[in-house]
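What the coordinates show
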Amino acid sequence: MLDSKQTNKEELSSLFDGENIQSKEIDLSNENKTHLEKWSLIGAALRNEMPEQINLDFASKVMTKIEHEQINPNKVAFNFNFSLKKVAFAISELAVAASVAAITVIGWQTYNAQGGISNSTSDSLGAVEGVNLASYQTSQNHKTLKFAEYSDSDNKSDAKLSDNELKAQQSLEVERINNYIRGYVLNTAAN
Amino acid sequence: MFSVNENLKAQSDESLVVRVQAGDSKAYNVLVIKYQHKVAQIISKFVSNTADINDIAQDAFISAYKSINSFRGESSFYTWLYRIVVNSAKTFLKSNSRSKNSVDVDSPEFQSIDEQEILASNETPDRIIESHELQQVIVKALSELPEELRNAITLREIDGMSYEDMAVVLKVPVGTVRSRIFRARQYIESKMSNLAAK
């Protein structure tokens, strides 16, 4: 059976190993310091980590300096730069995700809309075939609605516009739509 | 000599670091005692002069103490300390190479050195011992240990295993592991006591 002194030394030994002994205050008497110094040397020798010369007073000198110069651990400051970088990174990730989602939605709409429009405009619209006009919504392009009218009114007689003029306007509209879609896709990809 | 498997070194100093962060400087004293030789060995790869090694090691330990609150346990304490030690050694080498050819003993830096400080540092000359003889004594003492104690101290010091892992490997309770390591240390320590400091 170990006496209390031996028990304390055993606890000191496990504390030295970093094992979580929830003991009271650490007893660093000179005797205990000597034990710790020797146990440290034992470990260094077994691991072949010993320097050529050993200064037995090194640890006490370090602690004396800390005590005399009243050196205290610094408080941890909030790392603003690091946090800012993290936020910026998160935002850029979000932007990429949003762009991918937008492209997916447009693609999906385009795919689904192919039947309706292409059937009615295939003869005259060429490259615009399959475009979903729901995505073509800027105020500058108010003629969008007229585009459908033009398509529907192909068979009617129009006193003001000849067939050629109508086709020319349709071509212009198709050109505008194609330019818009090209620009939109390029912008989205650039983002 | 024994080979050290760095990958298996999982020495946990968390409880000591937590104590230091809570303001217990004695716990830091334990850490300094524990890692002083390792740190000195790292620095000896950068500089060969013993006095320089001690100066750099002291700076590194004080830097580590100052920034101990920034240690968040993402790596082991030794890994964290290692970076500080290497940076201290590099800083020393840089400043040394700059000042090597331009030492001005009349500079205010030299005049400001407190004479009392010089006297104080000379009052107690450091106890320096050569490691070669000591290492032989320790290794011999290890070989004299009963197998169960030798296994325990070897798994701990060379393989860096935790008490819990050792308990699994040796198939004994953690308390027995603790006791065996302590007894092994006691025996080897008793063989070291005849070593006189020069």
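Worth saying up front: this structure is predicted, and the values here are computed from it rather than measured.

Thoughts on the overall build of chain B
Secondary structure summary: chain B contains ten helices and one strand in total. Helices and strands appear in chain B in the N-to-C order α-α-α-α-α-α-β-α-α-α-α. The burial tally for chain B puts 32% of its 198 residues in the buried class. Within chain B, contacts between residues at least 6 apart in sequence are counted, and of these 65% link residues at least 24 apart.

Some details on the overall build of chain A
Along chain A, the regular secondary structure elements total six helices and one strand. For chain A, the succession of helices and strands along the chain, N to C, is α-α-β-α-α-α-α. Buried residues in chain A amount to 19% of all 191 residues.

Side note on the packing of helix α1 (residues 4-16) of chain A against helix α10 (residues 174-192) of chain B
One way to put it is that α1(A) packs onto α10(B) with a least axis distance of 9 Å and a crossing angle of 100°. Considering the angle they form, α1(A) stands roughly perpendicular to α10(B). Every residue of α10(B) that contacts α1(A) at A:Lys9, A:Glu10, A:Ser13 and A:Ser14 is listed here: B:Arg178, B:Ser179, B:Ile181, B:Phe182 and B:Arg185. Class assignment of the residues belonging to the contact of α1(A) with α10(B) gives a composition of two nonpolar, three polar and four charged.

What about the interface of chain A and chain B?
In this assembly, 47 residues from chain A lie in contact with 61 residues from chain B. Of all the secondary structure elements, the ones that give two or more residues to the side of chain A that touches chain B are α1, α2 (30-46), β1 (53-55) and α3 (58-68) of chain A. Of the residues forming the side of chain A that touches chain B, the biggest block, twelve residues, is contributed by α2(A).

Details of the confidence of the model for chain B
Residue and element names in this part refer to chain B. Per-residue pLDDT for chain B averages 81, and the proportion of residues at 70 or more is 76%. Here helix α6 (residues 115-123) is the element of chain B with the lowest mean pLDDT, 42, and helix α8 (residues 147-157) is the one with the highest, 95. Between residues 1-11, whose pLDDT stays under 50, and residues either more than four places distant or in other chains, the model counts 19 contacts. Scored as a complex, the prediction yields pTM 0.62 and ipTM 0.79.

Overview of the nonpolar core
B:Val30, B:Val32, B:Val39, B:Ile43, B:Ala57 and B:Ala152 are the most contacted members of the largest nonpolar core, which has 59 residues in total. At eleven residues, the largest contribution of residues to this core is made by helix α2 (residues 25-43) of chain B. With near-sequence residues (within four places) excluded, B:Val32 lies in contact with A:Ala59, A:Val62, A:Met63 and B:Phe61.

Description of unusual backbone geometry
Residue and element names in this part refer to chain A. You will see that Asn 48, though not glycine, has its phi angle at about 60°, which is positive. Along the chain, Asn 48 turns up in the loop between α2 and β1. Judged by the 14 C-beta atoms lying within 10 Å of it, Asn 48 is partly exposed. Located in the positive-phi region is Gln 70, a residue other than glycine, with phi close to 50°. Note on placement: Gln 70 falls in the loop between α3 and α4 (80-125).

Quick word on the confidence of the model for chain A
Residues and elements named next belong to chain A. Summing up the model confidence of chain A, the mean pLDDT is 75 and the portion of residues at 70 or higher is 66%. Looking at the elements of chain A, mean pLDDT is at its lowest for helix α5 (residues 144-152), recorded as 51, and at its highest for α2, recorded as 93. Segment residues 141-145 is flagged for pLDDT under 50; beyond a separation of four residues in sequence, or across chains, it makes six contacts in the model.

Comments concerning the packing of helix α1 (residues 14-21) of chain B against α2(B)
Residues and elements named next belong to chain B. At a minimum axis separation of 7 Å, α1 and α2 run at an interaxial angle of 135°. As the angle between them shows, α1 and α2 are arranged oblique. Seen from above, α1 lies across α2 with left-handed handedness. Note on element contacts: α2 touches α1 through Ala 27, Tyr 28, Val 30 and Leu 31, opposite Leu 16, Arg 19 and Val 20. Of the residues in the contact of α1 with α2, the class split is six nonpolar, no polar and one charged.

Quick notes on the environment of B:Ala152
Residue and element names in this part refer to chain B. Secondary-structure assignment places Ala 152 in helix α8. For the pair Ala 152 and Thr 176, spaced 24 residues apart in the sequence, the C-alpha separation amounts to 9.7 Å. Once residues within four sequence positions are removed from consideration, Ala 152 is found in contact with Met 166, Val 177, Arg 180, Ile 181 and Ala 184.

With respect to the environment of B:Gln36
Following the sequence through the fold, B:Gln36 ends up in helix α2. A count of 25 C-beta atoms within 10 Å places B:Gln36 in the buried class. Sequence separation between B:Gln36 and B:Asn54 is 18 residues, and the spatial gap between their C-alpha atoms is 9.4 Å. In contact with B:Gln36, not counting residues within four places along its chain, are A:Ser40, A:Phe58, A:Ala59 and B:Ala57.

Reading the values: rules and limits
Residues numbered from 1 in each chain as written. Chains lettered and ligands numbered in written order. Predicted model: local features only at pLDDT ≥ 70, side-chain atom pairs only at ≥ 80, totals over all residues. Helix = DSSP H or I, 4+ residues; strand = E, 2+ residues; numbered from the N terminus. Buried ≥ 20, exposed ≤ 12 C-beta atoms within 10 Å, placed from the backbone. Contact = placed C-beta atoms within 7 Å. Axes fitted to C-alpha atoms, helices over the stretch in contact; angles between N-to-C directions. Parallel < 35°, antiparallel > 145°, perpendicular 65-115°, else oblique. Nonpolar A, V, L, I, M, F, W, Y, C, P; charged D, E, K, R; others polar. pLDDT = per-residue confidence, 0-100. Core = buried A, V, L, I, M, F, W, Y, C linked by C-beta atoms within 7 Å. Left-handed = near helix turned anticlockwise from the far one by under 90°.

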